[in-house]
Amino acid sequence: MSAPAKELVPLRLDGVIAYPEDVAAQYRERGYWIGQTHSDLLAKTVSDHADRVAVIDSVRTLTYAQLGERVQLVAGELAWRGIGRGDRVVVHLPNTVEFVEIAFGLFELGALPVFALAAHRLAEIRQFCAGTSARAYVTVDRVGLTSYRDIADDIAREIPAVATVLVPAGDESWTTAAPLPRRGRALPSDVALLQLSGGTTGTPKLIPRTHDDYLYSVRESARICAIDERSVMLAALPISHNFTMSSPGLLGMIAVGGSVILAPDPSPDTCLRLVEQHSVTHAALVPPLLMAWLNSSARHTADTSSLVSLWVGGAKLPAEVARRVPPELGCSLTQVFGMAEGLVNYTRVGDDDRTVFTTQGRPISPDDEIRVVDDNGTPVPDGEPGHLQTRGPYTIRGYFDAPEHNRHSFTHDGFYITGDIVIRDSRGYLQVVGRSKDQINRGGEKVAPAMVENHLLAHGAIHDVSVVGIPDDALGERICAFVIRRDPEAQTPSAAQLRAFLRTERQVAAYTIPDMFEFVTEFPTTSVGKIDKKSQGK
Ligand code: OOB
């Protein structure tokens, strides 16, 4: 190894709660943490499967050998821009080959990508940059009608400490003459990346995942889902989301030398055409997208016979929809119940139909510890609903730099309190039956009501607001804002005005903008005087 010895000490990042030493030692002994970084993972596949296709988007196709070369070049460019080991870098890119190059370019430097969703706007990006003390913000000039350069300009103005990097599109070259030497490289125990939590609070929580723990979940996911170098995955959902990235996702495909097709948009027309064109074998979908595929006329014109299995998760999949997959799409179904904080459950190849259609699977690891407890924290028997808590070899012990949140999101013995209500059966399979966290799951997209409420409260004519999820056949839930105007006689602001306010003045991501506004003069309250969100959500 050529790196100077002083750089081989573990990365110390304030605000990260590490796994206890003895527990970490056990995870290594049991062969879960094998001492591999994301760069090692790619390097191995580049050497084992050099000529196989790695990634395809609407503009470019790269083999693993080409991807390996591009990653080295991009890493040099990023180093020249001052990015190095331990730096947080907010990555804001759509599903393109550039995303993969940048992510691995950063891994190569030991820098930590913070994976924003392409749908995020200035409001969210600003929070990620500030919350991680980011060194840089990486994005593209524009995609279709959306200008990302505007966000970059605003960030540069507001937070001068953040360097903004606009990635040249496609085959255009970077402008640097000579890349600078790099500042060290990552160790497998280092934090590799920061994922975003679905969120229950006014500010987003960030999830520090180490190379060791993340890649353990990736390799096991690939094994459980039986993918290999002949597999072709369609990335229809945002590639930066934990599900598409790691369960088994982009990283799983890279682990086995398979190919990833990056869809420019998730519509069934686009996706089913890509399935036919590239003989796609696997795809990760949220339930509403699966329903859109099932109900699309494109299904009858596109040849989808290459499909082997669909991975469906992110939100509860109704059993009636699950049952339609094998007969109507000619492939198998795998239910995936996961969370960016760690724990991922899969139904398994060979499970009986009832298990596949009605459960959300069982954990990846024999060392995923599962506790299902009542409101007092007492374990409930199998077959009865309770709060899911978990601890294990790829579940975080704390959010990044969030001591206050950590106090109520983790138990004193290190279990993550998921906020999901589940029923466990005697075999260990879980069924998600509800939620106790203040979060809206809009077809797999997670929205924190507190965040939306804060943005609306910034409007001068609003006295108070309460945001809740209401049941919806297609999306599972939709977002409804109950609004009390300052002037109870006024007819404004209207719903249209509030939408415009959120979009253009607050600059929030479109998926967080309420689907419905209800104007009221008071909120229902519970017996202790708190807003009764449960009764609003009906
Ligand atoms: C995935 O990750 P996140 O972090 O966006 O959201 C996690 C939450 C879970 O706590 C649960 O409330 C919900 O999303 N969820 C499901 C589910 N999968 C996730 N609820 C019911 N049924 C399911 N199958 O969403 C995620 C991460 C990795 C793999 C798959 C999904």
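Our next topic: the site of the ligand. Around the ligand lies a shell of 19 residues, among which His241, Val336, Asp420, Lys437 and Lys446 are the nearest. Contact distances for the ligand include 2.8 Å between a nitrogen atom and a backbone N or O atom of Val336. For the ligand, whose free accessible area comes to 590 Å², the fraction covered by protein is 96%. For the shell around the ligand, the secondary-structure elements that each account for two or more residues are α8 (242–246) and β15 (332–339). If one sorts the elements of the shell around the ligand by residue count, β15 sits on top with four residues. For the shell around the ligand, the class distribution of residues is seven nonpolar, eight polar and four charged.

Cis geometry is found at the peptide bond from Ser247 to Pro248, where omega equals -20°. When you line up the elements, Pro248 lands in the loop between α8 and α9 (249–256). Note that the residue after Thr492, namely Pro493, is joined by a cis bond; omega there is 0°. Although it is not a glycine, Ser279 sits at a positive phi angle of roughly 50°.

The strand order across the open sheet built from four strands is β18-β19-β20-β21, with neighbouring strands paired in antiparallel fashion. Every interior strand has two partners, whereas the edge strands, β18 (369–373) and β21 (430–435), have only one. Across the sheet, the mean angle separating the axes of adjacent strands is 45° when strand polarity is ignored. Pairing between β18 and strand β19 (residues 386–391): five bridges, direction antiparallel. Counted as the bridge partner of Ile370 is Thr390 from β19.

This paragraph deals with the sheet that holds strand β17 (residues 362–363). Reading across the sheet, the nine strands line up as β2-β1-β12-β11-β13-β14-β15-β16-β17 and stay open at both edges, with mixed pairing between neighbours. Looking at which strands have only one partner, the edges of the open sheet turn out to be β2 (61–63) and β17. Bridge count between strand β1 (residues 53–56) and β2: three bridges; the pairing is antiparallel. Across the sheet, residue Val53 finds its bridge partner in β2, namely Thr63. Running over the sheet, helix α10 (residues 268–278) touches β1, β11 (232–235) and β12 (259–262) and is turned about 160° from β11.

As a further point, take the packing of aromatic side chains. Taken as a whole and assessed by the stated rule, the structure comprises 11 aromatic pairs. An aromatic cluster is defined as three or more aromatic residues linked by ring pairs; in this entry it consists of Tyr19, Tyr27, Tyr32, Trp33, Tyr216 and Tyr394. Sitting above the plane of the Tyr148 ring, Arg121 keeps its charged end 5.4 Å from the centroid. Cation over ring: Arg427 sits above Tyr429, and NZ or CZ is 4.2 Å from the ring centre.

Take the pattern of salt bridges next. Pairing is possible between side chains that carry opposite charge, provided their charged atoms lie close to one another. By the definition in use, this model includes 29 salt bridges. The partner of Asp212 in a salt bridge is Arg28, and the shortest N-O contact between them spans 3.8 Å. On the criterion of sequence distance, the pair formed by Asp212 in helix α7 (residues 211–224) and Arg28 in helix α1 (residues 21–29) is long-range, its members being 184 residues apart. On the basis of relative accessible area, Asp212 is assigned to the buried category, the value being 3%. Arg28 gets classed as partly exposed once you look at its relative accessible area, which sits at 38%. Put simply, Arg149 and Asp141 hold a salt bridge, and the shortest N to O gap is 2.9 Å. Classification of Asp141 as partly exposed rests on a relative accessible area of 35%.

Take the confidence of the model for the chain next. With 97% of its residues at a pLDDT of 70 or more, the chain shows a mean pLDDT of 94. Here residues 1–5 is a poorly scored stretch, pLDDT under 50, and it has three contacts once near neighbours within four places are set aside; other chains count.

Our focus in this paragraph is helix α18 (residues 495–505). The set of residues buried in α18 consists of Leu498, Phe501 and Leu502. Within α18, the buried residues cover an arc of 90° as seen down the axis, which keeps them to one side. Exposed side of α18, more than 90 degrees from the buried face: Ala496 and Thr504 are the residues found there. For α18, the secondary structure elements touched by its buried residues are α17 (449–457), β24 (462–472), β25 (476–485) and β26 (516–519). Of the residues one or two after α18, Gln507 is the one with positive phi, at around 55°.

Moving on, we get to the environment of Ser332. Considering the arrangement of structural elements, one finds Ser332 in strand β15. Of the residues examined, Ser332 reaches a relative accessible area of 35% and is grouped as partly exposed. With 89 residues separating them along the chain, Ser332 and Ile421 place their C-alpha atoms 27 Å apart. For Ser332, the contacting residues outside a window of four places in its chain are Val308, Ser309, Leu310 and Val325. Within the structure, Ser332 has its side chain in polar contact with the side chain of Ser309 (distance 3.0 Å).

Our next topic: the domain arrangement of the chain. You can read the domains of the chain as domain 1 (31–219) and domain 2 (438–536). Listed by partner, the interface residues are 16 residues for domain 1 and 16 residues for domain 2. The junction of domain 1 with domain 2 conceals about 1100 Å² of combined surface from both sides, 54% of it contributed by carbon and sulfur atoms. If you sort the residues of domain 1 by the area they bury against domain 2, Gly198, Thr200 and Gly202 come out on top, with a joint share of 33%. Inspection of the domain 1/domain 2 interface yields zero salt bridges. At the junction of domain 1 and domain 2, the tally comes to four residue pairs in polar contact (both at pLDDT 80 or more). Among the elements that take part in the side of domain 1 that touches domain 2, helix α5 (residues 122–131) stands out by supplying four residues, more than any other. Class assignment for the residues of the side of domain 1 that touches domain 2 results in five nonpolar, eight polar and three charged.

Scoring rules and cut-offs
- Residues numbered from 1 in each chain as written.
- Predicted model: local features only at pLDDT ≥ 70, side-chain atom pairs only at ≥ 80, totals over all residues.
- Heavy atoms only, no water.
- Near = heavy atom within 4 Å.
- Polar contact = N/O pair within 3.5 Å; in protein donor to acceptor, adjacent residues only side chain to side chain.
- Areas by Shrake-Rupley, 256 points an atom, 1.4 Å probe, with all protein chains shown as cover.
- Helix = DSSP H or I, 4+ residues; strand = E, 2+ residues; numbered from the N terminus.
- Nonpolar A, V, L, I, M, F, W, Y, C, P; charged D, E, K, R; others polar.
- Pairing = 2+ DSSP bridges.
- Axes fitted to C-alpha atoms, helices over the stretch in contact; angles between N-to-C directions.
- Contact = heavy atoms within 4.5 Å.
- Phe/Tyr/Trp six-rings, centres within 6.5 Å; stacked < 30°, edge-to-face > 60°.
- Lys NZ or Arg CZ within 6 Å of the ring centre and 35° of its normal.
- Salt bridge = Lys/Arg side-chain N within 4 Å of Asp/Glu carboxyl O.
- Buried < 20%, exposed > 50% of the residue type's maximum accessible area, 1.4 Å probe, protein only.
- pLDDT = per-residue confidence, 0-100.
- Arc of directions from axis to C-beta.
- Domains from an automatic or database assignment.
- Buried area = accessible area lost by both parts, 1.4 Å probe.

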